[in-house]
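Structure at a glance
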Amino acid sequence: MAVFLIVATLSCGLAARADTIVLKNGRRIFASNVIEENGKVSYETSAGRLSLPKSIVDHVERGTLGPVDAGGQSASSLAITPPVASDAAADSASLEAISRAVVHDGAIDYGYLAGLEGEARAHGREASERAALAHHAAAQFELSRGNLERALSEERTALTFAPEQPGFLLNL
């Protein structure tokens, strides 16, 4: 009986040790087996094996106490909300204008895309976001035509111009 109590006490103590994933929005996720690789943070919780884009994770605290810590939440109880896009990506008028310029007359204007890519390389963030939006519009067009490979390629290109936009990753 004493051996059983010792084993139970030790296993409870081990179960309370976990890692804490601190998100950029301040939320904390208690998990075990946290692995950071390929731009993702993967972890295990009572809800199963999950992963998040590394771009929304501030840092990982190793070996912290689990859900008994104040202020934290288990991953299974977190509300899932869509990522917040940047101002340029959120501007629907800009997206609409770029979409019309990229896709017209039933085809993608690759010359226009190439021009946006050149501007992005020369002029920085805002131009890069326009190029990303243009490739995203091209991806949506290809998807609507059933050309999945081409749609994937366009969405991947969008991510190269705006890797911090989780919306493009989610679409991919």
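Here is a short report on the structure shown in this document.

Each value, and the rule that gives it
- Residues numbered from 1 in each chain as written.
- Predicted model: local features only at pLDDT ≥ 70, side-chain atom pairs only at ≥ 80, totals over all residues.
- Heavy atoms only, no water.
- Pairing = 2+ DSSP bridges.
- Helix = DSSP H or I, 4+ residues; strand = E, 2+ residues; numbered from the N terminus.
- Salt bridge = Lys/Arg side-chain N within 4 Å of Asp/Glu carboxyl O.
- Buried < 20%, exposed > 50% of the residue type's maximum accessible area, 1.4 Å probe, protein only.
- Expected span 1.5 Å × (residues − 1).
- Arc of directions from axis to C-beta.
- Polar contact = N/O pair within 3.5 Å; in protein donor to acceptor, adjacent residues only side chain to side chain.

1. Considering the pairing of strand β2 (residues 28-37)
Both β2 and strand β3 (residues 40-45) contribute to a ladder of four bridges, which runs antiparallel. Each bridged residue has a counterpart across the sheet, and for S32 the counterpart in β3 is E44. As consecutive antiparallel partners, β2 and β3 are separated by two residues, and within that stretch N38 has a phi angle of approximately 50 degrees, a positive value.

2. Quick word on the pattern of salt bridges
Taken as a whole, this structure holds 11 salt bridges when the rule is applied. Across the pair E44 and R49 runs a salt bridge whose closest N-O atoms are separated by 3.6 Å. Taking relative accessible area as the criterion, E44 reaches 33% and is therefore assigned partly exposed. A relative accessible area of 41% places R49 in the partly exposed class. Among the ionic contacts, a cluster of salt bridges with common partners joins D19, E36, K54 and R62.

3. Section: helix α5 (residues 125-144)
Relative to the 28 Å expected for 20 residues at 1.5 Å per residue, α5 spans 28 Å between its end C-alpha atoms, a close match to the ideal helical length. Across the 20 residues of α5, 14 count as buried, placing the element largely inside the fold. G146, located one to two residues past α5, shows a positive phi value of around 85 degrees.

4. Description of helix α4 (residues 110-123)
Here α4 contains 14 residues, and its C-alpha end-to-end distance of 20 Å stays within 8% of the 20 Å for a straight helix at 1.5 Å per residue. Listed as buried for α4 are L113, L116, E117 and A120. Buried residues of α4, seen end-on, are gathered within an arc of 105 degrees and therefore sit on one face of the element. Facing away from the buried side of α4 by over 90 degrees, the exposed positions are G111, A122 and H123. Its side-chain oxygen placed 3.1 Å from the backbone nitrogen of G111, D109 serves as the N-cap of α4. Positive phi shows up at G124, right after α4, with a value of about 90 degrees.

5. Structural notes on the environment of S99
Inspection of the secondary structure assignment puts S99 in helix α3 (residues 92-102). For the pair formed by S99 and F141, sequence separation is 42 residues and the distance between their alpha carbons is 9.2 Å.

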